[in-house]
Amino acid sequence: MLMKCVRLKRIHARLILALLVTLLLIIIVSKLKTNENLESGQLVLDNNSTQIFEKKLTDYERRIIPNLGDNGDPSFLEGNDAKEGEKALKTFALNTVLSDRMPLNRKLRDPRNKKCKRFKYNPKLKTSVIVIFYNELMSVILRTIWSVILQTPSHLLKEIILVDDASTEENLNGLLDYYIETRLRNYNIKIIHLKHRLGLIRARLQGARAAQGDVLIFLDAHCEATEDWVEPLLSRIEEDRTAVLVPIIDVIEANNLAYSTNGDSSFQVGGFSWSGHFTWIDIQNEEDKHKLTPVKSPTMAGGLFAIDRNFFWDIGSYDEQMDGWGGENLEMSFRIWQCGGRLETVPCSRVGHIFRDFHPYSFPDNKDTHGINTARLAHVWMDDYKRLFFMHQPGLENNPIVGDLTHRKQLRQKLRCKSFKWYLDNVYPEKFVPDENVVAHGQVRTEFEMCLDDLQLADDKVGPLGLYQCHPHMAMSQYFSISEKGELRKENFCSEVFNEHDVQLTECHGHKREQYWVYHKNGTIFNPSVNRCLSSEGVENGGGVKADICKDTLYQRWKFDKVNETAMAV
Ligand code: UDP
Ligand code: MN
């Protein structure tokens with residue numbers, strides 16, 4: 001009996017030991033797993049590499065031209081440097097030559113409205129500033145870091161976290177770390193080198209996981225912060241932890257690195273287009289237009305924002321299945337509003353950002369990550385309104401490439417988020433919905449199978465309202481509406497009569513006049529301000545339609561796919 005007991009005890013002990021070992025192994029493996037994308041940020045230096053790095057840096061520092069770009073003034077190089085700069089602009093969408101010659105800690109003028117100085121802030125929260133980058137120019141990254149250090153009171157700055165999204169650029173693998181260890185030793189700067197490229201959404205998530213500050217501020221790696229930029233952000237979050245904030249984003253010119261502002265008091269907020277792109281929009285409410293306190297914004301541009309760290313996680317951080325670049329900003333914007341937060345622009349906080357004409361990097365397989373990510377958010381957040389996005393991207397609607405959405409849909413349920421209709425009605429009521437509350441919409445054809453067409457007009461341009469053979473399937477270039485206000489429009493573009501005769505697509509102004517049309521039951525589209533009718537007479541395929549003297553001709557008869565008979569004029 002006793003023997004049995006002893007043996008049993010031994011078996012017990014062995015079992016427990018085995019269990020413990022397994023547990024330990026599981027912990028180690030899972031730790032390794034969560035770290036598998038992370039390399040240690042520790043730079044191991046021997047004498048040799050120290051010498052090489054030091055020489056490289058001193059050479060580099062010697063070439064910096066003192067005071068170049070001070071105040072944010074436009075800067076120019078001469079001779080061969082100027083030529084090389086032009087070339088770089090074409091390759092990298094940025095004058096890298098100029099950036100390398102400009103001091104890393106240049107002093108910018110204060111771009112704020114002067115009245116901002118009246119506000120006294122005294123926030124208690126500390127921030128982690130997270131900067132992610134993939135193959136950005138080292139001098140541009142360092143200027144971003146320097147501006148944060150110089151413009152943020154040290155008691156408000158917990159740390160700066162750099163996430164290198166597996167850059168292949170040589171300087172970013174060693175020299176940058178060396179610069180931080182030697183030139184910025186007194187500041188709390190962490191650098192995480194990812195082993196594999198994760199794309200900007202997951203790179204930001206890795207930064208957020210490492211952060212310890214009360215507030216996360218994300219910045220692109222080509223930004224410059226200005227005076228008092230952080231105080232109004234932290235104070236507002238202290239007041240309301242569900243407020244997610246964007247500063248005014250000023251333009252740092254890619255060619256001469258000038259810090260340019262759009263005046264000191266007018267600014268825009270974020271909107272979106274049904275094609276799933278971020279747009280800048282005017283503030284609607286008159287009182288808000290010149291406010292210096294935070295103003296509501298329906299969406300955010302994405303690269304620069306501040307959010308309470310716990311709130312970031314509570315509200316669903318990011319959709320981790322989003323790859324590459326794009327879409328995450330609208331996903332976060334809709335989610336924040338629909339799930340109980342707010343998005344605001346803070347007019348007294350200003351940060352410059354280099355807007356590049358194109359992305360200097362590409363993605364593996366040239367995947368349209370922006371489209372795929374937007375399809376994900378459309379399915380999860382836009383309810384029935386997703387139809388309007390998928391009209392632009394029919395190929396993505398039922399495409400397995402979009403991936404599994406279970407977790408994000410569960411999140412929406414768990415957080416008891418409101419509908420997209422609520423968002424449109426309450427946050428973005430001016431957003432035009434092309435197939436709701438309209439007189440007519442769809443393709444607009446003549447008896448001769450010719451259709452109104454935007455002729456692929458770019459979003460930021462003015463161009464003729466065109467005529468083109470009707471496409472057999474609905475194509476967005478041929479989708480028009482007549483709004484309740486009598487606009488013949490395509491999203492934010494309205495048809496307007498110029499010189500009594502030409503019809504142009506131009507931004508909707510909402511004041512009727514030359515943008516006001518009456519759609520009659522007989523098919524004529526009449527513009528009372530010039531007393532003329534929309535006509536396709538004599539217009540060739542690909543030409544612009546005209547406003548002509550009204551007469552009884554088939555060239556002046558237009559048929560929309562869908563009409564609301566009761567709203568039409570007799
Ligand atoms: N980025 C990244 N991984 C990528 C692509 C971009 O870390 O695969 C970084 C990039 O270096 C930048 C930020 O993400 O700091 C935002 O990208 P970008 O500035 O090109 O976007 P944009 O401002 O044009 O929207
Ligand atoms: Mn950017």
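Nothing here was measured: the structure is a model prediction, and the numbers come from that model.

Parameters and conventions
- Residues numbered from 1 in each chain as written.
- Chains lettered and ligands numbered in written order.
- Predicted model: local features only at pLDDT ≥ 70, side-chain atom pairs only at ≥ 80, totals over all residues.
- Heavy atoms only, no water.
- Donors = N, O, S within 2.8 Å, 3.2 Å for Na, K, Ca; no water.
- Helix = DSSP H or I, 4+ residues; strand = E, 2+ residues; numbered from the N terminus.
- Buried < 20%, exposed > 50% of the residue type's maximum accessible area, 1.4 Å probe, protein only.
- Near = heavy atom within 4 Å.
- Polar contact = N/O pair within 3.5 Å; in protein donor to acceptor, adjacent residues only side chain to side chain.
- Areas by Shrake-Rupley, 256 points an atom, 1.4 Å probe, with all protein chains shown as cover.
- Axes fitted to C-alpha atoms, helices over the stretch in contact; angles between N-to-C directions.
- Parallel < 35°, antiparallel > 145°, perpendicular 65-115°, else oblique.
- Left-handed = near helix turned anticlockwise from the far one by under 90°.
- Contact = heavy atoms within 4.5 Å.
- Nonpolar A, V, L, I, M, F, W, Y, C, P; charged D, E, K, R; others polar.
- 1 Å grid on protein atoms, 1.4 Å probe; cavity = no way out; pocket = protein on both sides within 12 Å on 5 of 7 lines; lining within 4 Å.
- Points joined across faces, edges and corners; volume = space filled by probe spheres on them.
- Salt bridge = Lys/Arg side-chain N within 4 Å of Asp/Glu carboxyl O.
- pLDDT = per-residue confidence, 0-100.
- Phe/Tyr/Trp six-rings, centres within 6.5 Å; stacked < 30°, edge-to-face > 60°.
- Lys NZ or Arg CZ within 6 Å of the ring centre and 35° of its normal.

A.B. asks: Explain the coordination of the manganese ion (ligand 2) here, please?
C.D. replies: Note on metal sites: the ideal angle is 109.5 degrees for four tetrahedral donors, and 90 or 180 degrees for six octahedral donors. Protein-derived ligands of the manganese ion (ligand 2) are D220 (OD), H222 (NE2) and H353 (NE2), with the metal-ligand distances lying across 2.1 to 2.3 Å. Mapping the donors of the manganese ion (ligand 2) onto the primary sequence yields the spacing D-x1-H-x130-H. In this pair, D220 is assigned in the loop between β5 (215-219) and β6 (223-225) and H353 in strand β13 (residues 342-354), connecting sequence segments 133 residues apart. Assessed through its relative accessible area of 17%, D220 is described here as buried.

A.B. asks: Would you mind going over the site of ligand 1 with me for this structure?
C.D. replies: Taken together, 17 residues surround ligand 1, and among them I132, E136, D165, H222 and Y361 come closest. One nitrogen or oxygen atom from the side chain of R197 is found 2.9 Å from an oxygen atom belonging to ligand 1. Y361 places a polar side-chain atom, nitrogen or oxygen, 2.5 Å from an oxygen atom of ligand 1. Taking 530 Å² as the accessible area of ligand 1 by itself, protein coverage stands at 90%.

A.B. asks: Sorry, what's going on with the packing of helix α5 (residues 138-151) against helix α6 (residues 175-183) here?
C.D. replies: Two quantities define a packed helix pair, namely the angle between the axes and the distance from one axis to the other. The interhelical angle for the contact between α5 and α6, taken along N-to-C directions, is 30°, at an axis separation of 11 Å. The angle between α5 and α6 places the two elements in the roughly parallel class. Considering the relative orientation of α5 and α6, their crossing is right-handed. When α5 is examined against α6, the residues M138, L142 and W146 are found in contact with a partner set consisting of L175, L176 and Y179. Each residue belonging to the contact of α5 with α6 can be placed in one class, and the counts come to six nonpolar, no polar and no charged.

A.B. asks: Even after reading the chapter, I still don't get the side chain of R489, so can you show me in this structure?
C.D. replies: With respect to the helices, strands and loops of the structure, R489 is situated in strand β19 (residues 488-490). Residue R489 is classed as buried on the basis of its relative accessible area, which comes to 9%. Of note is the side chain of R489, whose polar atom sits 2.8 Å from the backbone oxygen of E491. Beyond its immediate stretch of four places on either side in the chain, R489 contacts F432, F480, S481, S483, C494 and C508.

A.B. asks: Help me understand the layout of surface pockets, please; the structure alone is not making it clear to me.
C.D. replies: Where empty space is left in the structure can be found by rolling a water-sized probe over the atoms. Looking at the second largest pocket, its volume works out to about 330 Å³. Taken together, 15 residues line the second largest pocket, and the ones lying closest to its centre are F92, N135, E136, L137 and E169. With three residues, helix α4 (residues 96-101) is the largest single contributor of residues to the lining of the second largest pocket. Looking at side-chain class alone, the lining of the second largest pocket contains seven nonpolar, three polar and five charged residues.

A.B. asks: How do you make sense of the pattern of salt bridges when you look at a structure like this?
C.D. replies: Enumeration over the complete set of coordinates arrives at 41 salt bridges. The residue R112 makes a salt bridge to D228 at a minimum N-O spacing of 3.3 Å. Here D228 lies in the loop between β6 and α8 (231-239) and R112 lies in the loop between α4 and β2 (127-133), a separation of 116 residues in the sequence. We classify R112 as buried; its relative accessible area is 6%. The shortest N-O distance in the salt bridge between E239 and R236 comes to 2.6 Å. Of the two residues, E239 and R236 are both situated in helix α8; the distance of three residues between them amounts to about one turn of the helix.

A.B. asks: Where do I start with empty space enclosed by the protein in this structure?
C.D. replies: Summed over all chains, the structure comprises three cavities of 30 Å³ or more. Of the pockets and cavities examined, the second largest cavity occupies roughly 40 Å³. Residue lining of the second largest cavity: V140, R143, T144, H222, C223, E224, L257 and I354, and that is the complete set. At the level of secondary structure, the elements contributing two or more residues to the lining of the second largest cavity comprise α5 and β6. Considering only residue class, the lining of the second largest cavity consists of four nonpolar, two polar and two charged.

A.B. asks: Is there a simple way to explain the packing of helix α2 (residues 47-62) against α6 in this structure?
C.D. replies: Where α2 meets α6, the closest approach of the two axes is 10 Å, and the angle between their N-to-C directions is 80°. One element, α2, and the other, α6, form an angle in the roughly perpendicular class. For the pair formed by α2 and α6, the contact residues are T50, F53, E54, K56, L57, T58 and E61 on the first element and L175, Y178, Y179, T182 and R183 on the second. Residue composition of the contact of α2 with α6, by class: five nonpolar, three polar and four charged.

A.B. asks: Sorry, what's going on with the confidence of the model for the chain here?
C.D. replies: Interpretation of the predicted coordinates at a detailed level should be avoided for regions scoring low in pLDDT. Mean pLDDT over the chain works out to 93, with 92% of the residues at or above the 70 mark. Below a pLDDT of 50 lies the segment residues 1-6, which in the model reaches zero contacts outside its immediate sequence neighbourhood of four places, other chains included.

A.B. asks: Just checking my understanding: could you explain the packing of aromatic side chains for this structure?
C.D. replies: Two measures describe an aromatic ring pair: the distance that separates the ring centres and the angle between the ring planes. Inspection of every chain in the model, using the stated rule, returns 22 aromatic pairs. Taking 5.5 Å as the distance between ring centres and 75° as the angle between the ring planes, the aromatic pair formed by F272 and Y428 counts as edge-to-face. Here the residue F272 occupies a position in strand β9 (residues 269-272), and Y428 occupies one in the loop between α14 (420-426) and β14 (438-445), the gap between them amounting to 156 residues. Look at F272 and you get buried, because its relative accessible area is 1%. By relative accessible area, which is 3% here, Y428 ends up buried. Aromatic side chains F420 and Y423 sit 5.3 Å apart centroid to centroid with 35° between the ring planes, which places their arrangement in the tilted category. Of the two residues, F420 and Y423 are both situated in helix α14; the distance of three residues between them amounts to about one turn of the helix. As far as burial versus exposure is concerned, F420 and Y423 are alike and both buried. Site record: aromatic cluster; members linked through ring pairs are F272, W274, F334, Y385, F420, Y423 and Y428. Residue placement shows R197 over the ring face of Y134; its charged tip is 3.6 Å from the ring centre.

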